[in-house]
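Descriptive analysis of the structure
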Amino acid sequence: MNKIWLCLIGLILVGSSFQIAASSSNPSSYDVMADVNRDRIVDVNDLSRLGKAYGSNLVLPSEAGKAVVTVLSFGKEPPEIENARVAAVDPELLHNQWENPINVTCTNSSGIATFDLSPNKNYTAIAWSASAYSYANFTTNSLGEASVMILLAEPSMLPVHALPEGWVVVTLLNNETNSLYFEEMRCAPQEIIFNQTSRRFYSEPIVGGLAINGGVFVIPLDKSLNKPYSKMGLWIFNVYGTTRGSPTYSPDEDGCANVVVYVIP
Amino acid sequence: MKRAFAFMLCLFLLLVLVPRAVTNPDGFRYDPMADVNRDKTIDVHDLSRLGKAYGSTQTVPTQRGKTTIYVYQLETDPPEVENARIAIIDPDFGYPWYQACQIGYTDSFGLVNFILNPSKNYTAIAWSRTMYSYANFTTDLFGQGGVAIQLGSSRLPPNWVTITLINKSSGGLWQEPIAIASVGELVYAHPVFEIMWRSAVSASPFNGIFVIGSWDFLNPINEHGKSYCVFVDNPHGTLARPAYTPDENGNANVIAYV
């Protein structure tokens with residue numbers, strides 16, 4: 001109790017002192033990061049909020065032998081995001097996802113997803129909430145452990161939409177249950193091209209395509225096929241089989257796209 | 001001098017009093033916004049930075065008879081964004097195909113001035129190399145104002161599609177007249193795409209940026225999950241065929257190289 005009183009007295013005194021400082025301050029010294037509540041005025045409200053959190057740390061959870069991914073949104077209270085889909089991707093295996101499907105799990109009520117990963121390796125974790133997605137690169141230690149945070153939103157900003165440069169990430173969902181759909185199938189991203197002679201749009205034919213197991217996978221920049229699937233333009237994602245979704249996508253300036261295919265089982 | 005004294009006093013008080021209080025494990029939850037320097041610890045460094053800015057306000061400098069746009073970015077030092085492209089959209093001009101009524105670029109202070117009509121509503125859209133954002137604002141009786149645009153996660157007004165034509169040779173905006181620009185929805189009918197025409201506009205003269213607002217619910221051009229193509233022509237032939245797929249907010253930022 002005494003400690004709380006001490007803190008309160010300290011904050012009041014600090015607030016008073018800062019008010020004195022404000023009377024001789026230079027308006028040009030505005031620092032948007034110091035404007036804690038983003039109301040365009042650095043004042044006692046910002047100081048009060050900082051005081052309430054003073055001395056605290058962001059402590060990311062860890063677990064023996066596991067890689068732990070914590071998914072947070074600083075735009076809501078509490079910040080933990082439950083049931084976010086999280087994928088742990090080994091970038092070295094992007095060209096062989098058929099034999100090495102991407103590990104996907106969902107966060108618990110503490111916003112935590114855990115993975116069993118190889119030791120001393122680089123990975124990329126991608127997290128999706130209902131309205132945002134982002135990623136973080138990390139390296140496991142000699143025990144396969146890591147603790148990483150993915151931030152999906154900050155106050156005053158729209159949800160984050162970020163993927164590693166050049167990655168087209170595809171998620172196959174069951175159209176009825178909205179859960180991940182797993183099945184062996186072939187797919188082929190095809191560029192939609194305008195034919196000047198016929199004045200019609202065509203999807204450029206492709207030989208082979210990609211063998212997939214469903215779930216989440218990343219279309220790599222396949223230099224061997226000379227198909228830059230992530231170049232700007234309009235693409236259609238064809239999934240061969242029975243009644244499949246064929247969504248179109250447009251990679252952004254960084255060659256990234258988040259493609260969701262709703263498969264009709 | 002007075003300010004320095006006050007700042008030192010408050011630092012002293014915080015250093016002496018607050019650490020005693022925070023030993024209580026039940027309180028003082030980490031607040032990311034209070035972590036001013038983003039080092040995952042809320043400590044004297046955050047307080048010091050807040051103290052330096054204490055009492056300041058984000059004021060955009062204004063000039064007589066002009067509207068000043070200030071473009072900045074969080075998490076960068078300095079926050080000002082130089083050479084951002086700004087388009088001013090007059091919502092009363094050209095609806096639903098808004099052509100940018102003025103275009104400008106920010107200076108090294110992240111500032112650019114425009115001469116606008118008094119007491120009018122406008123939208124300013126700012127583009128940096130990788131991001132874009134916007135602000136709605138109203139000029140005062142003298143056409144004067146200061147508007148700040150924060151570039152962060154890219155956003156546009158709901159259901160707006162922006163189209164920027166870039167001259168491939170010069171890298172600047174395409175500013176020659178165009179005869180017609182129309183939008184068609186692409187409907188996949190293997191192996192070709194049928195085009196369902198949605199909208200058309202003539203724009204001459206053209207200044208390189210135009211915006212399509214959502215106005216026709218029978219012929220939308222911004223439905224999430226669908227594909228559209230903009231047909232930009234002039235009397236001599238085809239200029240560009242940029243295609244786009246709107247996001248969940250009905251937005252698309254289309255850049256076409258002519």
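Residues numbered from 1 in each chain as written. Chains lettered and ligands numbered in written order. Predicted model: local features only at pLDDT ≥ 70, side-chain atom pairs only at ≥ 80, totals over all residues.

**Observations regarding the overall build of chain B**
Applied cut-off: The numbering of helices and of strands both runs from the N terminus, where a helix is a DSSP run of H or I of at least 4 residues and a strand a run of E of at least 2. Here a residue counts as buried when 20 or more other C-beta atoms sit within 10 Å of its C-beta, as exposed when there are 12 or fewer, and as partly exposed otherwise, the C-beta atoms being derived from the backbone. Throughout, a residue-residue contact means that the two C-beta atoms, derived from backbone geometry, are no farther apart than 7 Å.
On a plain count of helices and strands, chain B comes out with two helices and 16 strands. Within the span of chain B, comprising 258 residues, buried residues form 37% of the whole. Sequence-distant contacts in chain B: of pairs separated by 6 or more residues, those separated by 24 or more amount to 58%.

**Quick notes on the sheet that holds strand 7 (residues 132-138) of chain B**
Residue and element names in this part refer to chain B. Operational definition: Pairing between strands is defined by DSSP: at least two bridges between them are needed. Where helices are involved, their axes are fitted lines through C-alpha atoms of the stretch in contact, as for all axes, and angles between N-to-C directions lie from 0 to 180°.
Overall, antiparallel pairing links the four strands, which are arranged 4-2-6-7 in an open sheet. Looking at which strands have only one partner, the edges of the open sheet turn out to be strand 4 (102-105) and strand 7. On average, each strand axis in the sheet is tilted by 20° relative to the strand beside it, whichever way the strands run. Sheet topology places strand 2 (residues 85-89) next to strand 4; four bridges connect them, and they run antiparallel. Its bridge partner being in strand 4, Ile88 is matched across the sheet by Gln102.

**Regarding the packing of helix 2 (residues 44-53) of chain A against helix 2 (residues 44-53) of chain B**
When two helices pack together, their arrangement is given by the angle between the helix axes and by the axis-to-axis distance. This is how it is decided: Each angle is binned into one of four classes, with values under 35 degrees roughly parallel, values over 145 roughly antiparallel, values of 65 to 115 roughly perpendicular, and all other values oblique.
The N-to-C vectors of helix 2 of chain A and helix 2 of chain B enclose an angle of 180°; their axes lie 11 Å apart at closest approach. By the angle between their directions, the pair helix 2 of chain A and helix 2 of chain B is classed as roughly antiparallel. Seen from helix 2 of chain A, the contacting residues are Asp46, Leu47 and Leu50 of chain A; seen from helix 2 of chain B, they are Asp46, Leu47 and Leu50 of chain B.

**Some details on the pairing of strand 12 (residues 209-212) of chain B**
Residues and elements named next belong to chain B. On strand 12, burial covers both faces: Ile209 and Val211 on one face and Phe210 and Ile212 on the other are all buried. Inspection of the sheet shows strand 3 (residues 97-99) paired to strand 12 by three bridges, in the antiparallel sense. Within strand 12, the residue paired with Trp97 across the bridge is Ile212. Note: strand 9 (residues 161-166) against strand 12, four bridges, orientation antiparallel. By the bridge assignment for strand 12, Thr164 is matched with Ile209.

**A few points about the domain arrangement of chain A**
Residue and element names in this part refer to chain A. Our working rule: An automatic or database domain assignment provides the domain bounds reported here. Three classes are used: nonpolar for Ala, Val, Leu, Ile, Met, Phe, Trp, Tyr, Cys and Pro, charged for Asp, Glu, Lys and Arg, and polar for all others, with Gly counted as polar.
Assigned domains of chain A: these are domain 1 (67-151) and domain 2 (168-263). Listed per partner, the contact involves 11 residues of domain 1 and 11 residues of domain 2. Among the residues forming the side of domain 1 that touches domain 2, the class breakdown is nine nonpolar, two polar and no charged.

**Description of the confidence of the model for chain B**
Residue and element names in this part refer to chain B. Short version of the rule: Confidence per residue, as judged by the predictor, is encoded in pLDDT with a range of 0 to 100.
On average, residues of chain B score 81 in pLDDT, and 82% of them are at 70 or above. Mean pLDDT across the elements of chain B bottoms out in helix 1 (residues 2-21) (51) and peaks in strand 5 (residues 111-114) (96). Contacts of residues 19-26 to residues separated by more than four positions or lying in other chains number 12 contacts, the stretch itself having pLDDT below 50. Complex prediction metrics read pTM 0.76 and ipTM 0.71.

**Digging into unusual backbone geometry**
Backbone geometry places Asn83 of chain A, a non-glycine residue, at a positive phi of 65°. As for its position among the elements, Asn83 of chain A is in the loop between strand 1 (67-72) and strand 2 (85-89).

**Quick notes on helix 2 of chain B**
All names here are of chain B. Formally: Working definition: the arc comes from the directions between the helix axis and the C-beta atoms, pointing outward to the latter.
Every buried residue of helix 2 is accounted for by Asp46, Leu47, Leu50, Gly51 and Ala53. One face of helix 2 carries all of its buried residues, which in axial projection span an arc of 165°. Of the residues one or two after helix 2, Gly55 is the one with positive phi, at around 90°.

**A short note on the domain arrangement of chain B**
Domain parsing of chain B yields domain 1 (67-151) and domain 2 (161-257). Each of domain 1 of chain B and domain 2 of chain B was reduced to a C-alpha centroid, and the two centroids are 23 Å apart.

**Quick word on the environment of Glu223 of chain B**
Within the secondary structure, Glu223 of chain B is located in the loop between strand 12 and strand 13 (227-234). For the pair Glu223 of chain B and Asn159 of chain B, spaced 64 residues apart in sequence, the C-alpha to C-alpha distance is 8.6 Å.

**Looking at the sheet that holds strand 3 (residues 103-106) of chain A**
Picture the strands of a sheet paired through backbone hydrogen bonds; they go either parallel or antiparallel. All names here are of chain A. Read from one edge to the other, the open sheet built from four strands follows the order 3-2-5-6, with strand pairing classed as antiparallel. One side of each edge strand has no neighbouring strand; the edge strands of this open sheet are strand 3 and strand 6 (133-139). On average, adjacent strands in this sheet sit at an angle of 20° to one another, irrespective of strand direction. Sheet topology places strand 2 next to strand 3; four bridges connect them, and they run antiparallel.

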